Amino acid sequence: MRRTAIVLFLLAVAVAAEAKVGVVFIHGKGGTDLANPSVARAYWTEDMIRATTKNYTIPYLICSYDGTQYMWVAGGQVAGQIYNWMNANAVDQIVIETHSFGGIVIRWIMSNPTYDSRYQPIINRIKWVNSIAPPNRGSEAADLAGTLSGSWLTGWLIDLVGQSNDSTRNCSTSSMSYYNQYYLKGTSGRPALPKTVWNIAGTGLWNDFAHSEDYGLATLSGIAGLPGEDDGMVAQYSAQSVGIVWFLTDANHHHNRHNDYRKIGDSLATDF
Amino acid sequence: MKRFVLVSLFVVTPLFGQQSVGRFEPGAIYREPERNAPPSVSRMFVRQVEGHEVDLPATGGSGMIIALPGRAPSTMKLSSGMQRVALDATHDVIHIDRTEAQRYHFADLKDGIVVASEPESRVTMTSTVGPLSRMPGQAVTLHASLRDGDDAITRARVNAHLVSPDNVEQELALREVANGEYEAVINDLPSKAHGFWTVRYEADGTTLHGVEFARNGSNQFMNERASARLHDLRIERTGDTLHVTAIADVAIAGRYRFDVISASARDAQGERHGLAWGESEATLAIGSTELELDLPVSEQQVFTDVRLLSLDTMGVASRLTIAPAHERFER
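Anyway, here's the lowdown on the structure attached to this text. Only a predicted model underlies this, so the values are computations on that prediction, with no experimental measurement involved. (Residues numbered from 1 in each chain as written. Chains lettered and ligands numbered in written order. Predicted model: local features only at pLDDT ≥ 70, side-chain atom pairs only at ≥ 80, totals over all residues. Heavy atoms only, no water.)

## A closer look at the overall build of chain A
Part 1 of the reasoning: Scanning chain A for helices and strands turns up 13 helices and six strands.
Part 2 of the reasoning: In terms of overall size, chain A behaves like a compact globule, its C-alpha atoms giving a radius of gyration of 19 Å where 272 residues would be expected to give roughly 19 Å.
Part 3 of the reasoning: The C-alpha extent of chain A, read off along each of the three principal axes, is 70 × 40 × 35 Å.
Part 4 of the reasoning: Relative to its 272 residues, chain A shows a buried fraction of 61%.
Part 5 of the reasoning: Accessible surface, chain A: about 9300 Å² in total, of which carbon and sulfur atoms supply 56%.
Part 6 of the reasoning: For chain A, the centre of its 19 positive side-chain charges and the centre of its 22 negative side-chain charges are spaced 13 Å apart. (Helix = DSSP H or I, 4+ residues; strand = E, 2+ residues; numbered from the N terminus. Rg over C-alpha atoms; globule rule 2.2 N^0.38 Å. Buried < 20%, exposed > 50% of the residue type's maximum accessible area, 1.4 Å probe, protein only. Areas by Shrake-Rupley, 256 points an atom, 1.4 Å probe, with all protein chains shown as cover. Lys, Arg positive; Asp, Glu negative; His and termini not counted. Charge placed at Lys NZ, Arg CZ, Asp CG, Glu CD.)

As C-alpha cells, this is what we get:
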C-alpha cells in the first residue's frame, strides 16, 4: 500500500515536470474585424507577443473574436479556438493573458463551466489568468455610450468607447453589476473563480504625445468621470475587484496591451 | 507567490455533466444582490449646436473639458487658461484650466453636439434606477439626486428618457420628492421588450448660489421575462448535506440553471458568511418540474438563496430565499 502510494506520487511529480505550458491571449472589445486573426494579432502588437512568449519559445495562441458581441458569444468563439489548440498541441497547462473585456470573457467561461461542453476541459488546464485592465465592475466610459446613445454618440467617442453595441452594453456599470450578481463569479460576496486571476490595473493617462489615442483617453477619463485612478477607460477599483493585485502600471488603456511605454510583456514572461 | 496561491486554492468539484458544487473560501462574505443599479455620478452635460453657436453653463472653480463636434474654427479666440487640443484629424477639444461661474459662448462651430465636463465641480447629479432586475409587473423607480457640495439643489428640471432594447422611447419628468431628490415611478413600461433598458437623465437649473448648471447621466435595468417561476422551496438536512428542492413552473421552455447559495445566519455585524454553492443546469419543458441540488453544508442555521437563471436568453427567471428560523421570528 505504502509502496503504491510512493509510486503514484513519483508518477504525479514526473507528469507535472513534463507538463507542456502554453500561453493564450484574449483581446478586448472593438470591431467585428477583431474576429480576423491578423487584426487580433495587431491588437497586441508583435513585440508584446514576442516578449511574453520569450521570443516565441512558449507555445501560444492569439484568440480572435468579434469584438462587438456579448461575453457569452465571445466566450464561445474563444473556447472553440482554445479547445482545438490545446488538444492539437498537447498543451497541459495554460496561462491566460487578457486585456480589458477579454478579462470578462474568460470570467464568463470560468464562471459557467456547464454552459458549453468545452469550458470545463479548458478550465481544468488553466494555470492562472493575468488580467490587464479588466472592467470587472464595468466602466463609466461604457456608461457614457448609454448617456450619449442615439444621435449623440458620434465621432471620436465611437472610436474610443465603441458603438452602442452588445460588448459596450455588456461593460456598463449597471450591466456588470447585474452579471456579477447572477452569472459571474469572483467579486466580493460571490463564489470564487475556479482558478486564480492576477489583475494589472492601469493608472496613467498621458503616456506619450505621438498617439492621438492618448489625448482621447485623457479626455474620455475627464468626461466619463472615471472615479479614482484610471487608465482612460477602466478605473482601478473596477480592474481590482476580482482576483489578486499583481502590479499597477502607469501605461494607459492603449499602451497597457503593448510592450512599449511600460514593458508589460516582459513582466508577463516572468511566468515561464 | 503565484505558485503558493495555486496550491492553496480550495476545491471546486464538477459532479457530473450539468452540475457543479463548491464551498466558499473560509471567511468569505455572502452578499444579496443589490436592489438598484449602481449609482452613477455625473459632472458632464451635452449641448446641441444651434445656428453654429452654443452656450455652455460652467459652475466655476473646476477645470472644463469641451469636446467639439469638429475642428475649432479659425476665428476662435482662446483667452488665457484655455487651450485647444486636436483629438484627431477632425475633432478638437478645448481645455479650460479653471472656469468662472458663467456661460461660455462658442460661435462658428460645426453642427452637432458638444460634450462638456467639469471633473472637479461640486455640482453633481447622482442617478440610479431600480429594481436592477425588474420582474414582470414590478414598478420601476427612477431617481436623481442633485447636490452642490453638501447643499441640495432644489427646483431643478429633471427629465428622463426611458429607452427599451427595441428602441421604444418615453420621456418623463421627475418630481422633487425631498430637497434635491427627484423621482418618477413607472408602473407600466411602454414596451414589453426584455433585456437591458437605458434611462438617460437630463437636469438643469440653478444652485442655491444662483449658479446655472446642466448635467446628463444614465443607468440601465434588466426587464426580465415571465419565463418561469419558483415556488415551494424546501431545505432538508441529512448529516452534512443540505438537500434543496423547489418547484419550477415553466412558461417558456429552454435551458435554465438552478443556482443555490448557502450562507450562515447573520453574525454580530449583520454579515452572512458564504458556506457553499451549487449549480444544476437542465432543459425544462413547459409545465411544473421539481429541481433539486445537494450542498455540502454542516452548519445548522443557514440562509438559502435560490435562483433560476435562463441560459437561452440571459435573465433571472425567479429568485427565492429562506432565512434561518430564528431570524424569521426576530423583529
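On we go.
## A short note on the interface of chain A and chain B
The extent of an interface is frequently quoted as the accessible surface area lost upon association of the parts.
Part 1 of the reasoning: Between chain A and chain B, the residue contacts involve 53 residues of the former and 66 residues of the latter.
Part 2 of the reasoning: Summing both sides of the interface, chain A and chain B together bury roughly 4900 Å²; the carbon and sulfur share of this comes to 62%.
Part 3 of the reasoning: For the pair chain A and chain B, the number of links is one salt bridge.
Part 4 of the reasoning: Between K185(A) and E279(B) there is a salt bridge, with the nearest N and O atoms lying 2.8 Å from each other.
Part 5 of the reasoning: Scanning the region where chain A abuts chain B turns up 18 residue pairs in polar contact (both at pLDDT 80 or more).
Part 6 of the reasoning: Mapped onto the side of chain A that touches chain B, the elements with two or more residues apiece are α5 (102-111), β4 (126-132), α7 (140-147), α8 (155-161), α10 (173-182), α11 (212-224) and β6 (244-249) of chain A.
Part 7 of the reasoning: Ranked by the residues each element gives to the side of chain A that touches chain B, the list is headed by α10(A), at eight residues.
Part 8 of the reasoning: Here the side of chain A that touches chain B is built from residues that sort into 23 nonpolar, 23 polar and seven charged. (Contact = heavy atoms within 4.5 Å. Buried area = accessible area lost by both parts, 1.4 Å probe. Salt bridge = Lys/Arg side-chain N within 4 Å of Asp/Glu carboxyl O. Polar contact = N/O pair within 3.5 Å; in protein donor to acceptor, adjacent residues only side chain to side chain. Nonpolar A, V, L, I, M, F, W, Y, C, P; charged D, E, K, R; others polar.)

## Points about the pattern of salt bridges
Part 1 of the reasoning: Counted by the stated rule, this structure contains 24 salt bridges over all chains.
Part 2 of the reasoning: Ionic pairing is found between D116(A) and R118(A), a salt bridge with its closest N-O pair at 2.9 Å.
Part 3 of the reasoning: Its salt-bridge partner being E32(B), residue R319(B) comes within 2.8 Å of it at the nearest N-O pair. With R319(B) in strand β28 (residues 315-322) and E32(B) in the loop between β3 (29-30) and β4 (40-42), this residue pair connects regions lying 287 residues apart in the sequence.
Part 4 of the reasoning: Taken together, the salt bridges that share partners define one network made up of K185(A), R257(B), D259(B) and E279(B).

## Considering the packing of helix α4 (residues 71-88) of chain A against α5(A)
Helix-helix packing is described using two parameters, namely the angle between the two axes and the distance between the axes.
All names here are of chain A.
Part 1 of the reasoning: Taken N-terminus to C-terminus, the directions of α4 and α5 make an angle of 80°; their axes are 9 Å apart at the nearest point. Comparing their axes, α5 and α4 come out roughly perpendicular. Contacts between α4 and α5 involve M71, W72, A74, G75, V78 and A79 on the former and, on the latter, I104, V105, W108 and I109.
Part 2 of the reasoning: Grouping the amino acids of the contact of α4 with α5 by side-chain chemistry returns nine nonpolar, one polar and no charged. (Axes fitted to C-alpha atoms, helices over the stretch in contact; angles between N-to-C directions. Parallel < 35°, antiparallel > 145°, perpendicular 65-115°, else oblique.)

## A few points about α10(A)
One full turn of an α-helix is made of 3.6 residues, so residues set three or four places apart face in the same direction.
Part 1 of the reasoning: α10(A) sits mainly inside the fold: 10 of its 10 residues count as buried.
Part 2 of the reasoning: Along α10(A), the residues that are buried comprise T173(A), S174(A), S175(A), M176(A), S177(A), Y178(A), Y179(A), N180(A), Q181(A) and Y182(A).

## A word on the sheet that holds strand β26 (residues 287-296) of chain B
Residue and element names in this part refer to chain B.
Part 1 of the reasoning: The strand order across the open sheet formed by three strands is β22-β23-β26, and the pairing between neighbours is antiparallel. The sheet terminates laterally at β22 (228-238) and β26, the two strands that pair on one side only. Shown here is a sheet whose adjacent strand axes are inclined to one another by a mean of 20°, direction ignored.
Part 2 of the reasoning: For β22 and strand β23 (residues 241-250), the ladder comprises nine bridges, and the chain directions are antiparallel. Each bridged residue has a counterpart across the sheet, and for R234 the counterpart in β23 is T245. (Pairing = 2+ DSSP bridges.)

## Section: the pairing of strand β16 (residues 157-163) of chain B
On any regular strand, side chains alternate: one points to one face of the sheet, the next to the other face.
Residues and elements named next belong to chain B.
Part 1 of the reasoning: The buried count for β16 comes to six of seven residues, which makes it a mostly enclosed element.
Part 2 of the reasoning: Inspection of the sheet shows β16 paired to strand β20 (residues 195-206) by seven bridges, in the antiparallel sense. The partner of V163 across the bridge, within β20, is T198.
Part 3 of the reasoning: Where β16 lies against strand β17 (residues 169-173), five bridges are found, and the strand directions are antiparallel. Bridged to A160 within β17 is L172.

## Notes on the sheet that holds strand β2 (residues 60-62) of chain A
All names here are of chain A.
Part 1 of the reasoning: What the six strands build is an open sheet, ordered β2-β1-β3-β4-β5-β6; its pairing is parallel. A strand with exactly one partner marks an edge of an open sheet, and here the two such strands are β2 and β6. Taken over all neighbouring pairs, the strand axes of this sheet differ in orientation by 15° on average, direction set aside.
Part 2 of the reasoning: Here strand β3 (residues 93-99) pairs with β4 via six bridges, running parallel. Bridge pairing in β4 places H99 opposite I132.
Part 3 of the reasoning: Sheet contacts for α4: β1 (21-26), β2 and β3; angle to β1, the most-contacted strand, approximately 160°.

## Overview of the side chain of E279(B)
Part 1 of the reasoning: As for its position among the elements, E279(B) is in strand β25 (residues 272-284).
Part 2 of the reasoning: Exposure remark for E279(B): the relative accessible area of 3% places this residue in the buried category.
Part 3 of the reasoning: Within polar-contact distance, the side chain of E279(B) engages the side chain of K185(A) at 2.8 Å.

## Section: the packing of aromatic side chains
All names here are of chain A.
Part 1 of the reasoning: Scanning the model with the defined rule gives 17 aromatic pairs over all chains in all.
Part 2 of the reasoning: Ring geometry for W72 versus W108: centroids 5.8 Å apart, planes at 55°, classification tilted. Here W72, found in helix α4, pairs with W108, found in helix α5; they are 36 residues apart in sequence, far enough to count as distant. W108 carries the same exposure label as W72, and that label is buried.
Part 3 of the reasoning: Plain terms: the ring middles of Y179 and Y183 are 6.4 Å apart, the flat faces sit at 65° to each other, and that makes the pair edge-to-face. (Phe/Tyr/Trp six-rings, centres within 6.5 Å; stacked < 30°, edge-to-face > 60°.)

## Overview of the nonpolar core
Here is a general trend for soluble globular proteins: nonpolar side chains tend to be buried in one another's company.
Part 1 of the reasoning: Counting 73 residues, the largest nonpolar core has I82(A), W108(A), Y179(A), L142(B) and L174(B) as its most contacted members.
Part 2 of the reasoning: No other element matches α4(A), which puts eight residues into this core.
Part 3 of the reasoning: Ignoring sequence-local partners within four residues, the contact set of Y179(A) consists of Y70(A), M71(A), W72(A), N170(A), L184(A) and F196(B).
Part 4 of the reasoning: Ranked by size, the runner-up nonpolar core spans 26 residues in total, among them A145(A), V234(A), L87(B) and V115(B). (Core = buried A, V, L, I, M, F, W, Y, C linked by side-chain atoms within 4.5 Å.)

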